[in-house]
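# A structural walkthrough
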Amino acid sequence: MSFTVKDAATAYNSFNQYFYSENDKLYYANTEKKAIGAIWTQAIYWDMAMNVYKRTKDAADLKRINDIYTGGYNRYDKYNWNNTKEWFIYDDIMWWVISLARAHQVTGNQAYLDHSVAGFKHVWEGSYDPVDGGMFWDFKHSGKNACINFPTVIAAMTLYNITGDTAYLQKAKEVYNWGVNNLYDPNTGRVADNNVNGHKGWSDYTYNQGTFIGAAVMLYKATATAAYLDQAKLAATYTQKTMSDVNGIMPAEGDWNEQGVLKSIFGQYVMMLINDAGQTQFLPWIQKNINTAWGNRDVTRGLTYRNYKVPCVTGVLQSYEASSAVYMMQVCPPEGKRKAKSKKQKAIVADGL
């Protein structure tokens with residue numbers, strides 16, 4: 001049985017009930033509500049809030065977007081990117097750079113864009129390798145991970161789309177090309193987690209597949225270069241056919257750690273492939289994952305679990321591991337809720353999305 005738009009609203013309201021701190025305007029790490037969650041995951045939850053507002057256009061949802069910005073501003077030294085206590089690895093910054101740029105697109109708030117531009121500049125100057133290419137994930141430059149390289153492309157493309165500054169487009173192309181050559185298998189669509197001194201670390205994570213897909217789709221939209229789309233489709237196929245089980249259910253990820261949020265990120269970008277690049281063949285797969293997770297929810301609390309195939313735990317639950325299914329429900333339409341915009345447009349779009 002398919003989830004509904006009403007279910008998507010219920011799931012989001014439940015997530016906020018159990019994890020959102022009205023005082024901090026950020027999210028708790030778990031249902032005990034004793035500590036605020038990890039810095040980078042707050043940006044992902046902020047993305048979710050933006051996706052909800054895009055779906056509902058409700059004033060309360062817009063208020064939450066602005067409130068979460070305030071929560072981050074107050075907690076993370078007013079988005080002072082030079083504070084090496086709050087910001088201790090480059091990818092933590094880049095997730096916020098992406099979200100701040102998106103928040104500007106949604107709200108028109110110039111301060112959000114200013115923070116994003118400054119954050120991108122800070123990371124580029126500290127992380128980019130002008131000799132060998134690519135982005136280092138940490139301040140000590142120990143390795144070049146997918147979690148900084150492909151988000152950098154997404155951030156650059158988002159800022160390019162906002163500002164029209166072609167320097168961002170050039171940076172995006174440059175980092176993406178490095179990533180294809182150093183963090184990607186062109187035969188399978190598999191994305192490596194890291195590259196340390198030329199050695200690829202082949203660990204499979206949905207968020208790396210997702211940010212690769214998002215980077216490729218954004219470049220495809222900007223350039224109409226078919227190779228980008230082909231690479232994005234191959235990465236999605238690898239996630240569906242190799243990383244998922246025989247029924248197409250994605251891996252659990254996140255045994256009591258922040259990895260529980262990874263499928264949220266994948267959901268953001270696979271839906272970009274579906275909606276913006278017209279690759280609707282992947283839609284039933286995503287809907288099946290959501291339906292499986294929602295079917296196994298904790299009915300009492302309305303919370304979902306990182307392992308979609310088993311009933312949600314009824315005790316202490318992390319926001320990370322509860323986030324991905326509810327996130328995907330905000331960006332993916334229920335079954336039977338899609339229609340063509342026009343006869344000429346082959347790509348179909350979701351009602352209300």
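Up top is the structure.
To keep things clear, this report deals only with the structure shown in the data block.

What counts and how
Residues numbered from 1 in each chain as written. Predicted model: local features only at pLDDT ≥ 70, side-chain atom pairs only at ≥ 80, totals over all residues. Heavy atoms only, no water. Helix = DSSP H or I, 4+ residues; strand = E, 2+ residues; numbered from the N terminus. Rg over C-alpha atoms; globule rule 2.2 N^0.38 Å. Buried < 20%, exposed > 50% of the residue type's maximum accessible area, 1.4 Å probe, protein only. Contact = heavy atoms within 4.5 Å. Pairing = 2+ DSSP bridges. Axes fitted to C-alpha atoms, helices over the stretch in contact; angles between N-to-C directions. Parallel < 35°, antiparallel > 145°, perpendicular 65-115°, else oblique. Left-handed = near helix turned anticlockwise from the far one by under 90°. Nonpolar A, V, L, I, M, F, W, Y, C, P; charged D, E, K, R; others polar. Phe/Tyr/Trp six-rings, centres within 6.5 Å; stacked < 30°, edge-to-face > 60°. Core = buried A, V, L, I, M, F, W, Y, C linked by side-chain atoms within 4.5 Å. Salt bridge = Lys/Arg side-chain N within 4 Å of Asp/Glu carboxyl O.

### Examining the overall build of the protein
On a plain count of helices and strands, the protein comes out with 12 helices and seven strands. Relative to a compact globule of 353 residues, whose C-alpha radius of gyration would be 20 Å, the protein shows 19 Å and is just as compact. Taken along its principal axes, the extent of the C-alpha atoms in the protein is 55 × 45 × 40 Å. Sorting the 353 residues of the protein into buried and exposed places 59% on the buried side.

### Notes on the side chain of S324
With respect to the secondary-structure elements, S324 resides in helix α12 (residues 319-331). Not counting residues within four places of it along the chain, the set of residues in contact with S324 comprises G260, K263, S264 and Y308.

### Looking at the sheet that holds strand β3 (residues 144-145)
Strand order in the open sheet made by the three strands is β3-β4-β5, with antiparallel pairing throughout. The open sheet has two edge strands, β3 and β5 (199-201), and neither has a second partner. Alignment of strand β4 (residues 194-196) against β5, held across three bridges, turns out to be antiparallel. Within β5, the position partnered with N195 by the bridge is K200.

### Some words on the packing of helix α10 (residues 262-276) against helix α11 (residues 283-295)
Relative to each other, α10 and α11 sit at 150°, their axes nearing to 10 Å. The orientation of α10 with respect to α11, classified from their angle, is roughly antiparallel. The two elements α10 and α11 meet at a crossing, and its hand is left-handed. In this structure, α10 contributes F266, V270, M271 and I274 to the contact, and α11 contributes L283, W285 and I286. Of the residues assigned to the contact of α10 with α11, the class counts are seven nonpolar, no polar and no charged.

### A short note on the packing of aromatic side chains
If you walk through the whole model with that rule in mind, you get 32 aromatic pairs. Aromatic pair W124 and Y128: ring centres 4.2 Å apart, planes at 10°, arrangement stacked. Residues W124 and Y128 agree in their burial class; the two are buried. Members of the aromatic cluster, connected to one another through ring pairs, are W46, Y69, Y73, Y76, Y79, W81, W87, W96 and Y112.

### Notes on the environment of D276
With respect to the element layout, D276 can be found in helix α10. On a C-alpha basis, the gap between D276 and V217 in space is 7.7 Å, while along the polypeptide they are 59 residues apart. Discounting residues that sit within four places of it in the chain, D276 has contacts with V217, K221 and M271.

### Points about the nonpolar core
Residues W40, W46, W96, F120, Y176, L273 and I286 are the most contacted members of the largest nonpolar core, which totals 118 residues. Not counting the four nearest positions on each side in its chain, Y176 is found in contact with F150, V153, F212, A215, A216, L219, Y228 and Q231.

### Focus on the pattern of salt bridges
By the definition in use, this model includes 11 salt bridges. Notably, a salt bridge pairs D67 with K63, separated by 2.8 Å at the nearest N-O pair. Of the two residues, D67 and K63 both sit in helix α3 (residues 59-75), four residues apart, roughly one turn of that helix. The partner of K221 in a salt bridge is D276, with the nearest N and O atoms 3.6 Å apart. Linking K221 in helix α8 (residues 206-223) with D276 in helix α10, this pair joins segments that are 55 residues apart in sequence. Judged by relative accessible area, K221 falls into the exposed class, the value being 52%. By relative accessible area, D276 is classed as partly exposed at 38%. What you see here is one network of salt bridges that share partners, running through D255, R306 and E321.

### A short note on unusual backbone geometry
Positive phi outside glycine occurs at Y79, with the angle close to 55°. Looking at the secondary structure, you find Y79 in the loop between α3 and α4 (90-107). At E253, a position not held by glycine, the phi torsion is positive, near 55°. Position of E253 relative to the elements: it lies in the loop between α9 (226-243) and α10.

### As for the environment of V191
The residue V191 is located in the loop between α7 (166-182) and β4 in this model. Overall, V191 belongs to the buried group, its relative accessible area being 0%. In the structure, V191 is positioned 113 residues away from K78 in sequence and 34 Å away in space, judged by C-alpha atoms. Ignoring any residue separated from it by four or fewer positions in sequence, one finds V191 in contact with A146, F150, L183, Y184, W202, S203, N208, Q209 and F212.

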